[in-house]
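A look at the structure
Spelled out, the chains give:
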Amino acid sequence: MNHFLKRACLLLLLLTQLSACVREEYLPNTPEGNFEALWKIINEQYCFLEYKEIDWDGIYLKYVDKITPDMDELDLFYTLGEMLNELKDGHVNLISDNNFFNYDGWLVGYPRNFNEYVQENYLGDNYLEKDPAKYKIIHPQGIGYLYIPNFSTTLDYNDLKRIFNYFVNCQGVIIDVRENGGGSLVNASRLASCFTPQKVLTGYVRHKTGRGRSDFSSPRAIYLEPAEGIYWDKAAVVLTSRHVYSAANSFVNEMKNLPNVTVIGDITGGGSGLPFSSELPNGWRVRYSASPHFDINMEHIEFGIPPHIEVDLDKDDEKKGIDTLIEKAMILLSQEESE
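Since the structure is predicted, the reported quantities are computational estimates derived from the model, not experimental observations. (Residues numbered from 1 in each chain as written. Predicted model: local features only at pLDDT ≥ 70, side-chain atom pairs only at ≥ 80, totals over all residues. Heavy atoms only, no water.)

Side note on the packing of helix H2 (residues 31–45) against helix H4 (residues 73–85)
Running from amino to carboxyl end, H2 crosses H4 at an angle of 20°, the nearest separation of the two axes being 11 Å. As summarised for this structure, H2 and H4 are arranged roughly parallel, according to the angle between their axes. Our pair here, H2 against H4, has a crossing hand that is right-handed. For the pair H2 and H4, contact is made by Pro-31, Asn-34, Phe-35, Leu-38, Trp-39 and Ile-42 and by Leu-76, Leu-80, Met-83 and Leu-84, respectively. (Axes fitted to C-alpha atoms, helices over the stretch in contact; angles between N-to-C directions. Helix = DSSP H or I, 4+ residues; strand = E, 2+ residues; numbered from the N terminus. Parallel < 35°, antiparallel > 145°, perpendicular 65-115°, else oblique. Left-handed = near helix turned anticlockwise from the far one by under 90°. Contact = heavy atoms within 4.5 Å.)

What follows is the structure, encoded as structure tokens:
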């Protein structure tokens, strides 16, 4: 056999192997195929299987017999949703044209610790607003109050300059992120950057590098850079609740690393895995946590960040129109000024 023929045979063998590999990866648009595709995506890409000690192989065996060739689309969706529910992750979603699955069990057993009607007693009718923020000076001695219900809407540095210039004569400021379910990490860090004059280490992130459950990159440091032209150098209090999630969870982690900041309230909801998306053979989208974030001690923040001072909204206070957490923050900031 001449040299050219040998090379042609080797190439043909290689192409045959590659094509077999592609066929093995292909999964049909059937109930069984969509089940296998979803299980495989989570098995290879989800980042918390080992940390949460989830027996994903056992879960396969638990659900595989529930999948039948003749099951309808709705039954398939609910069954796949039940399987994803085992991950106990608010960043995990299954999305079809007609249905949406998400997990909210991380809220169960925790008080809401926020009442918008009570909050109105502090904001009144003459507060200032720059979507999504509401802000006002709420104490005679000069304490600023800034409410940020989400990080989906952008506050740029000009907006933040305007807000902090308004607070310039205040002795302290309260940043209220209760009910903030997240949004953009960039928006969250932009606000946090107003509270430091220098670059600060706030945590680490790792990324998936392979299909194995433990295939991750080395930790990459995350730094908070100071904002240009904005630095709040006085005391600040961050109000949290269990409803603080995802990018808001990261915001609390950043703020907790700054010296003039005290976090008051409840442990946050977590949601530290950066979400990615994939598609099943039938076109349904699956969203899942793919890149875990850690604090400065390389501890996971997936299950939430505890406050410096734990405070719940007192029911008797609530009936009187008093927000226990705002009152605690004002007392703390008043004390720091007197010291």
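Regarding the pairing of strand E7 (residues 200–205)
Counted residue by residue, E7 has five buried out of six residues, so it is predominantly covered. As judged from the five bridges shared by E7 and strand E8 (residues 220–224), these two strands associate in the antiparallel manner. Counted as the bridge partner of Val-205 is Arg-220 from E8. The pairing of E7 with strand E13 (residues 293–294) spans two bridges and is antiparallel. Residue pairing in the sheet places Tyr-204 in a bridge with Phe-294 of E13. (Buried < 20%, exposed > 50% of the residue type's maximum accessible area, 1.4 Å probe, protein only. Pairing = 2+ DSSP bridges.)

Description of the sheet that holds E13
Ordered by their spatial adjacency, three strands build an open sheet running E8-E7-E13, and the pairing between neighbours is antiparallel. Taken across any chain shown, the strands that pair with only one partner, and hence form the sheet edges, are E8 and E13.

Structural notes on the layout of surface pockets
Of the voids in this model, the largest pocket is the one considered here, and its volume is about 400 Å³. Forming the walls of the largest pocket are 23 residues, and the residues nearest its centre are Leu-185, Ser-189, Ile-222, Tyr-223 and Glu-254. Going through the elements one at a time, helix H7 (185–192), E7, E8, helix H8 (247–256) and E13 are the ones with two or more residues in the lining of the largest pocket. Top element by residues in the lining of the largest pocket is H7. It accounts for five residues. Within the lining of the largest pocket, the residues separate by chemical class into 12 nonpolar, seven polar and four charged. Its boundaries defined by the atoms lining it, the second largest pocket holds a volume of some 190 Å³. For the second largest pocket, the lining is made up of 11 residues, of which Leu-27, Ala-37, Lys-40, Ile-41 and Glu-279 are closest to its centre. (1 Å grid on protein atoms, 1.4 Å probe; cavity = no way out; pocket = protein on both sides within 12 Å on 5 of 7 lines; lining within 4 Å. Points joined across faces, edges and corners; volume = space filled by probe spheres on them. Nonpolar A, V, L, I, M, F, W, Y, C, P; charged D, E, K, R; others polar.)

Some words on the sheet that holds strand E1 (residues 93–95)
Spatially, four strands are ordered E2-E1-E12-E11 in an open sheet, and the strand pairing comes out antiparallel. Of all the strands in the sheet, the pair left with one neighbour each is strand E2 (100–102) and strand E11 (274–279). Direction aside, neighbouring strands of the sheet carry axes that sit 20° apart on average. Bridge count between E11 and strand E12 (residues 285–291): six bridges; the pairing is antiparallel. Across the sheet, Leu-274 pairs through a bridge with Ser-291, a residue of E12. The strands touched by H2 are E11 and E12; relative to E12, the strand with the most contacts, the crossing angle is about 15°.

Things to note about the packing of aromatic side chains
Aromatic ring pairs are defined here through the distance separating the ring centres and the angle between the ring planes. Counting across every chain of the model gives 16 aromatic pairs. A centroid spacing of 6.4 Å and a plane angle of 5° characterise the contact between Trp-39 and Trp-56, whose relative ring orientation is stacked. Placement of Trp-39 in helix H2 and of Trp-56 in helix H3 (residues 56–64) is noted, with a sequence separation of 17 residues between them. A single burial state applies to Trp-39 and to Trp-56, both of which are buried. Through pairs of rings, three or more aromatic residues link up here, namely Phe-35, Trp-39, Trp-56 and Tyr-60. Lying across the ring of Tyr-223, Lys-199 places its NZ or CZ 4.5 Å from the centre. In this structure, Lys-208 is placed above the aromatic ring of Phe-216, and the distance from its NZ or CZ to the ring centre is 5.1 Å. (Phe/Tyr/Trp six-rings, centres within 6.5 Å; stacked < 30°, edge-to-face > 60°. Lys NZ or Arg CZ within 6 Å of the ring centre and 35° of its normal.)

Structural notes on the confidence of the model for the protein chain
Residues at a pLDDT of 70 or more form 91% of the protein chain, whose mean pLDDT is 92. Residue range residues 1–24 is modelled with pLDDT below 50. Its contacts to residues more than four positions away, or to other chains, number two contacts. (pLDDT = per-residue confidence, 0-100.)

Quick word on H3
For H3, the set of buried residues is Trp-56, Ile-59 and Tyr-63. Along H3, the residues classed as buried sweep out an arc of 50° about the axis, all on the same side. Looking at the buried residues of H3, the elements they touch are H2 and H4. (Arc of directions from axis to C-beta.)

Overview of the environment of Ile-305
Tracing the sequence through the fold places Ile-305 in the loop between E13 and strand E14 (309–310). Overall, Ile-305 belongs to the buried group, its relative accessible area being 5%. Residues Ile-305 and Met-71 lie 234 residues apart in sequence; the distance between their C-alpha atoms is 42 Å. In contact with Ile-305, not counting residues within four places along its chain, are Asn-249, Val-252, Asn-253, Lys-256, Asp-266, Ile-267 and Thr-268.

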